[in-house]
Amino acid sequence: MAASSSLKNMVLCLTGVCLVCSAILGGVYVLTQEPIERAEKANLQAALSQVVPDGYEISVEPVYREMDGTRYECYRAQGASESEFATAVKSSVNGFGGQLTVLVGVTGEGKVYAAKVLSHSETPGLGAKCSDAASHFVQQFCGFDPAQKSLKVTKDGGDIDAITASTITSRAYALAVENAVKLMKEDSYE
Amino acid sequence: MSEFFLIIISAIFVNNIVLAQFLGICPFLGVSNKLSTATGMSGAVCFVITLATVVTYLVNRYLLVPFNLEFLQTIAFILVIAALVQLVEIVLKKISPSLYQALGIFLPLITTNCAVLGVAITVVTKQFTFSGGEPHFFNLGEATVYAFATSLGYALAMILFSGIREHLAQSNVPKSFKGLPIALITVSIMAMAFLGFSGMVK
Amino acid sequence: MSKLGLITKGFIKENPTFVLVLGMCPTLATTTSAVNGLEMGLATMFVLILSNIVISLVAPVVPDKVHIPVYIVIIATFVTVLQLLMQAFVPDVYKTLGLFIPLIVVNCIVLGRAEAFANKNTVLDSALDGIGIGIGFTLSLTVIGIVREILGSGSVFGAKFIAGDGILAFVMAPGAFLVLGYLMVLFNKFAKK
């Protein structure tokens with residue numbers, strides 16, 4: 001039933017299949033390109049709007065800032081008046097299981113508005129709780145004023161209550177927030 | 001240098017490809033009945049994973065990225081791996097018949113071993129940080145070391161497991177547990193032991 | 001075999017997870033919760049049905065010696081289509097399942113069905129076989145996911161029924177192997193008769 005396995009047949013068949021498949025893929029790629037970009041943008045927009053005050057005009061174009069040789073991706077947000085602004089900083093540190101990336105919203109006065117985990121590989125059920133927006137751990141960063149309190153976990157003499165049994169994750173998370181705050185502090189001196 | 005050391009420890013123990021990442025389970029369960037076949041399979045896997053990662057890394061870097069064709073990664077990589085496995089088989093047969101005898105029968109099985117494709121894709125899509133600093137994509141040297149270390153982790157898990165399984169075959173287990181179920185429960189205990197390594201490399 | 005039989009045989013008699021023991025990697029890796037297992041099963045089913053259909057169509061004209069590469073290209077094409085569609089319309093799911101979506105290419109179920117069924121049966125039968133095995137796979141993954149979620153996080157499909165945590169080991173690697181092992185024992189005892 002199947003065509004004979006002569007060299008000509010095999011080459012023809014493989015080439016044909018590859019051509020048809022690449023044509024299909026190219027077509028689907030072109031069709032989905034726009035929705036993919038839109039989905040990514042919506043995703044970013046949603047994350048950004050959670051860490052800056054409501055009603056701020058967010059620019060989805062990243063600006064880059066450097067501190068201690070590390071480059072940070074930042075997004076500006078502008079409030080109603082000139083003096084009302086905030087910056088969302090993408091801050092990556094090493095957590096317990098791997099890279100922990102936190103999006104930190106820092107207001108113009110240098111306070112933390114809110115922070116949100118973008119990606120992590122922490123232990124499920126333990127360190128992974130740092131991505132639960134409703135938890136006490138995440139909530140305590142909302143409105144945190146680094147001038148009044150210290151961005152260290154209580155175990156290290158600071159004011160951050162660590163997640164139970166996940167001190168390393170909590171430390172890393174606090175460090176990510178601290179880096180973002182420091183970056184914005186340096187930035188305002190420019 | 002310390003970065004390479006960390007990559008190796010992390011790939012073999014902390015993120016063991018079988019016991020923590022669940023890749024290459026089918027051959028892990030399939031050919032681990034005897035220590036000798038497990039060793040042969042491990043050797044072949046080490047060889048192919050390292051080679052395939054280097055080649056797919058280059059394909060991605062110099063063919064797919066410049067032409068903006070990253071969406072073809074899956075299809076390109078599996079073809080490269082399939083072709084590579086065939087090539088290795090032919091070359092081995094010619095150059096070293098003894099090695100071919102040891103590894104040969106395992107080679108065709110490796111194309112569909114998801115560990116190979118899994119490592120190849122991980123290396124080009126994931127950013128890593130081992131010695132602090134900015135997360136970055138692996139360069140060729142790091143990718144090669146990572147791939148080789150990962151495959152050593154595969155070999156370690158495979159050989160340990162087959163050693164246990166040889167003993168298991170002689171013990172008296174309840175009828176419903178015979179074969180795979182008891183094997184899976186054994187792997188579970190091994191995975192638990194490997195959990196002890198987690199967090200060792202940050 | 002009746003058309004209905006083609007579909008239902010994948011549930012118990014030729015269940016891909018518990019009887020054929022194929023596609024173990026996604027089975028273990030993505031079943032941390034019932035929803036994840038369900039989504040992974042559906043993604044695999046999508047590829048399985050389409051590749052079964054196309055392979056049953058082209059099988060008669062493909063020369064014997066190159067049939068495996070041809071099948072792999074076809075499967076890889078559908079996987080890439082699935083990747084693009086998921087990125088566009090369900091980016092969150094794509095992110096959760098991660099590496100295991102491209103790895104459907106090397107899922108032995110898909111190539112296995114192509115080899116064992118689709119290349120010698122009609123298009124309709126192959127499609128039905130794809131649906132049957134696909135549902136069987138999805139069901140198994142969901143069941144494993146439900147068990148792991150109940151024990152590991154104390155919830156069912158995301159609805160929590162206990163305060164606090166479950167037994168964490170069940171969400172992690174050891175739990176995956178353990179749950180699959182014990183479910184297989186139960187399957188051997190009651191279903192495989």
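Provided above is the structure to which this section pertains.
A brief report on the enclosed structure follows. (Residues numbered from 1 in each chain as written. Chains lettered and ligands numbered in written order. Predicted model: local features only at pLDDT ≥ 70, side-chain atom pairs only at ≥ 80, totals over all residues. Heavy atoms only, no water.)

**Here's the deal with the overall build of chain B**
When helices and strands are tallied, chain B shows nine helices and zero strands. Each helix and strand of chain B, ordered N terminal to C terminal, gives the series α-α-α-α-α-α-α-α-α. A compact globule built from 202 residues should have a C-alpha radius of gyration of about 17 Å, and chain B, at 18 Å, falls within 12% of that. Principal-axis analysis of the C-alpha atoms gives chain B an extent of 60 × 45 × 30 Å. Among the 202 residues that make up chain B, the fraction classed as buried is 53%. Just so you have it, chain B exposes about 8,900 Å², and 69% of that area is on carbon and sulfur atoms. For chain B, the separation between the mean place of its 9 positive charges and that of its 6 negative charges on side chains is 17 Å. (Helix = DSSP H or I, 4+ residues; strand = E, 2+ residues; numbered from the N terminus. Rg over C-alpha atoms; globule rule 2.2 N^0.38 Å. Buried < 20%, exposed > 50% of the residue type's maximum accessible area, 1.4 Å probe, protein only. Areas by Shrake-Rupley, 256 points an atom, 1.4 Å probe, with all protein chains shown as cover. Lys, Arg positive; Asp, Glu negative; His and termini not counted. Charge placed at Lys NZ, Arg CZ, Asp CG, Glu CD.)

**Here's the deal with the overall build of chain C**
Looking only at helices and strands, chain C has eight helices and two strands in total. Reading chain C from its N end, one meets helices and strands in the order α-α-α-α-α-α-α-β-β-α. Relative to its length of 193 residues, chain C is compact, with a C-alpha radius of gyration of 17 Å against a globular reference of 16 Å. For the C-alpha atoms alone, the extent of chain C along its principal axes is close to 60 × 45 × 25 Å. A sequence separation of at least 24 residues applies to 72% of the contacts in chain C between residues at least 6 apart. Summing over all exposed atoms, chain C offers an accessible surface of approximately 7,100 Å²; the carbon and sulfur share of this is 73%. In chain C, the 12 positive side-chain charges and the 9 negative ones have mean positions that sit 8 Å from each other. (Contact = heavy atoms within 4.5 Å.)

**Considerations on the interface of chain B and chain C**
Every contact between the two is made by 33 residues of chain B and, on the other side, 35 residues of chain C. Where chain B meets chain C, there are zero salt bridges. Our count for the chain B to chain C interface comes out at three residue pairs in polar contact (both at pLDDT 80 or more). Breaking the side of chain B that touches chain C down by element, the ones donating at least two residues are helix H2 (25-30), helix H4 (73-95), helix H7 (114-125) and helix H9 (180-195) of chain B. Ranked by residue count, the leading element in the side of chain B that touches chain C is H9 of chain B, at nine residues. (Salt bridge = Lys/Arg side-chain N within 4 Å of Asp/Glu carboxyl O. Polar contact = N/O pair within 3.5 Å; in protein donor to acceptor, adjacent residues only side chain to side chain.)

**A closer look at unusual backbone geometry**
For phenylalanine 22 of chain B, which is not glycine, the phi torsion reads 55 degrees and is therefore positive. Inspection of the secondary structure assignment puts phenylalanine 22 of chain B in the loop between helix H1 (2-14) and H2. What makes phenylalanine 22 of chain B buried here is its relative accessible area of 7%. Despite not being glycine, valine 21 of chain C has its phi angle at roughly 50 degrees, a positive value.

**What to know about the nonpolar core**
Residues Ile25, Phe28 and Leu117 of chain B together with Ile104 of chain C are the most contacted members of the largest nonpolar core, which totals 126 residues. With 14 residues, helix H4 (residues 67-89) of chain C is the single largest residue contributor to this core. Of all hydrophobic cores here, the second largest spans 30 residues; its members include Leu100, Ala172, Ala180 and Met184 of chain A. (Core = buried A, V, L, I, M, F, W, Y, C linked by side-chain atoms within 4.5 Å.)

**Quick look at helix H7 (residues 123-153) of chain C**
Within an α-helix, residues lying three or four positions from one another point in the same direction, as the helix has 3.6 residues per turn. For H7 of chain C, spanning 31 residues, the distance from its first C-alpha to its last is 43 Å, which sits close to the expected 45 Å at 1.5 Å a residue. Phi turns positive, to about 65 degrees, at glycine 154 of chain C, one or two residues after H7 of chain C. (Expected span 1.5 Å × (residues − 1).)

**Here's the deal with the pattern of salt bridges**
Residue and element names in this part refer to chain A. The full count for this structure, using the stated rule, is eight salt bridges over all chains. A salt bridge links lysine 90 to glutamate 73, with the nearest nitrogen and oxygen atoms 3.7 Å apart. Here lysine 90 is found in strand S4 (residues 85-94), whereas its partner glutamate 73 is found in strand S3 (residues 70-78), with 17 residues between them in sequence. Here aspartate 156 ties to arginine 171 by a salt bridge, and the two come within 2.9 Å at their closest N and O atoms. On the criterion of sequence distance, the pair formed by aspartate 156 in the loop between helix H2 (136-139) and helix H3 (167-189) and arginine 171 in helix H3 is long-range, its members being 15 residues apart. Judged by relative accessible area, which is 38%, aspartate 156 ranks as partly exposed. Using a relative accessible area of 37% as the deciding quantity, one classes arginine 171 as partly exposed.

**Focus: the packing of aromatic side chains**
Where two aromatic rings form a pair, the distance of their centres and the angle of their planes describe that pair. Under the counting rule described, the total for this entry stands at 12 aromatic pairs over all chains. Taken together, a centroid distance of 5.0 Å and an interplanar angle of 50 degrees make the contact between phenylalanine 141 of chain A and tyrosine 173 of chain A tilted. Taken together, the positions of phenylalanine 141 of chain A in the loop between H2 and H3 and tyrosine 173 of chain A in helix H3 put the pair 32 residues apart, joining distant regions of the chain. The same class applies to phenylalanine 141 of chain A and to tyrosine 173 of chain A, which are both buried. Directly above the ring of tyrosine 64 of chain A sits arginine 71 of chain A, whose terminal nitrogen or CZ lies 4.2 Å from the centroid. Note that lysine 9 of chain C overlies the ring of phenylalanine 117 of chain C, its terminal NZ or CZ placed 4.8 Å from the centroid. (Phe/Tyr/Trp six-rings, centres within 6.5 Å; stacked < 30°, edge-to-face > 60°. Lys NZ or Arg CZ within 6 Å of the ring centre and 35° of its normal.)

**Some thoughts on the pairing of S3 of chain A**
All names here are of chain A. In this structure, strand S1 (residues 57-58) lies alongside S3, joined through two bridges in antiparallel fashion. When the bridges of S3 are listed, isoleucine 58 appears paired with alanine 77. Where strand S2 (residues 63-67) and S3 come together, five bridges link them in antiparallel fashion. Among the inter-strand pairings, valine 63 is bridged to a residue of S3, identified as cysteine 74. Hairpin connection between S2 and S3: a loop of two residues separates the two successive antiparallel strands, and aspartate 68 in this loop has a positive phi of roughly 50 degrees. Inspection of the sheet shows S3 paired to S4 by six bridges, in the antiparallel sense. Looking across to S4, one finds that cysteine 74 is bridged to valine 89. Counting the residues that bridge the hairpin from S3 to S4 gives six residues. (Pairing = 2+ DSSP bridges.)

**Observations concerning the packing of helix H3 (residues 34-58) of chain C against H7 of chain C**
Residues and elements named next belong to chain C. It is at 8 Å that the axes of H3 and H7 come closest, and there the two elements cross at 165 degrees. Accordingly, the angle class assigned to the pair H3 and H7 is roughly antiparallel. For the crossing formed where H3 meets H7, the hand is right-handed. Taken together, the residues that form the contact of H3 with H7 break down as 18 nonpolar, 11 polar and two charged. (Axes fitted to C-alpha atoms, helices over the stretch in contact; angles between N-to-C directions. Parallel < 35°, antiparallel > 145°, perpendicular 65-115°, else oblique. Left-handed = near helix turned anticlockwise from the far one by under 90°. Nonpolar A, V, L, I, M, F, W, Y, C, P; charged D, E, K, R; others polar.)

Any link to function would need more than the numbers given here.
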